[in-house]
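# Architecture and fold: a report
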Amino acid sequence: MKTVEILPKDIWNDEKINDINEFIKNHSDNQSKERKIRNKLLSIQYKLEDYIEKDHIKEHEVLNILDFVKMYLKALDITKRDLAKYFGMRDSNLHKYLTGKRKLNPEIVLKISSFSRTKPEYWYRVQVKNEIVKLKKENTKDYDKYDYKKLLSI
């Protein structure tokens, strides 16, 4: 009996891919508006978590809190001005927190966390991660001298 090797193209050909895409589109079209919004929000949350957990971020990959908030605003079809008003603050003040010109405080973090239904720690972690990326870019060599092995060799 002769064995036949099954190649990926035998399984994942254009016709199969089109069938799967059609199935996904039909399934998506039949979801409620609320379910579509929840899916978008979950997608953003996963991007946020991935960003936080990523070991190395290059300068061009840096996302600030505003980038993530904009994703939420787009998914919910509201403006930053609307969000600022909802938070009881001026748009310009909110913008300074979201861009990192002002450090996050617990009140802002809890508002953003409640709004996005994410853990408050995520927002602080984005802020700290970005600060570290910036410091490393500017002064990487300055911190190499603090390796514990160098201390122990003295």
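What counts, and where the lines are drawn
Residues numbered from 1 in each chain as written. Predicted model: local features only at pLDDT ≥ 70, side-chain atom pairs only at ≥ 80, totals over all residues. Heavy atoms only, no water. Core = buried A, V, L, I, M, F, W, Y, C linked by side-chain atoms within 4.5 Å. Buried < 20%, exposed > 50% of the residue type's maximum accessible area, 1.4 Å probe, protein only. Helix = DSSP H or I, 4+ residues; strand = E, 2+ residues; numbered from the N terminus. Contact = heavy atoms within 4.5 Å. Phe/Tyr/Trp six-rings, centres within 6.5 Å; stacked < 30°, edge-to-face > 60°. Polar contact = N/O pair within 3.5 Å; in protein donor to acceptor, adjacent residues only side chain to side chain. Salt bridge = Lys/Arg side-chain N within 4 Å of Asp/Glu carboxyl O.

With 28 residues, the main nonpolar core has I65, V69, I112 and W123 as its most contacted residues. Among the elements of the structure, α3 (33–53), α4 (65–76), α5 (80–87), α6 (91–99), α7 (106–116) and α8 (120–144) are those that each provide at least two residues to this core. The greatest single-element share of this core, amounting to seven residues, is contributed by α4. Ignoring any residue separated from it by four or fewer positions in sequence, one finds I65 in contact with L98, L104, I112, W123, V126 and Q127.

Scanning all chains against the criterion turns up four aromatic pairs. Measuring from centroid to centroid gives 6.4 Å for Y72 and W123, while their planes differ by 55 degrees, and the two rings are tilted. Linking Y72 in helix α4 with W123 in helix α8, this pair joins segments that are 51 residues apart in sequence. Look at Y72 and you get buried, because its relative accessible area is 1%. Through pairs of rings, three or more aromatic residues link up here, namely Y86, F87 and F115.

Our next topic: the side chain of N130. The residue N130 is located in helix α8 in this model. Looking at N130, its side chain comes within polar contact range of the side chain of Y51, at 2.4 Å. Not counting the four nearest positions on each side in its chain, N130 is found in contact with Y51, V62, L63 and N64.

Once that is clear, we can look at the pattern of salt bridges. Applying the stated criterion across every chain yields a total of seven salt bridges. Residues E53 and R125 are paired through a salt bridge, measuring 3.0 Å at the closest nitrogen-oxygen approach. Of the two residues, E53 sits in helix α3 while R125 sits in helix α8, which places them 72 residues apart along the sequence. On the basis of relative accessibility, which here comes to 52%, the residue E53 falls in the exposed class. On the basis of relative accessibility, which here comes to 38%, the residue R125 falls in the partly exposed class. One salt bridge connects D91 with K80, and the closest N-O pair in it is separated by 3.0 Å. Here the residue D91 occupies a position in helix α6, and K80 occupies one in helix α5, the gap between them amounting to 11 residues. In the salt-bridge network here, residues are joined through shared partners; they are K80, R81 and D91.

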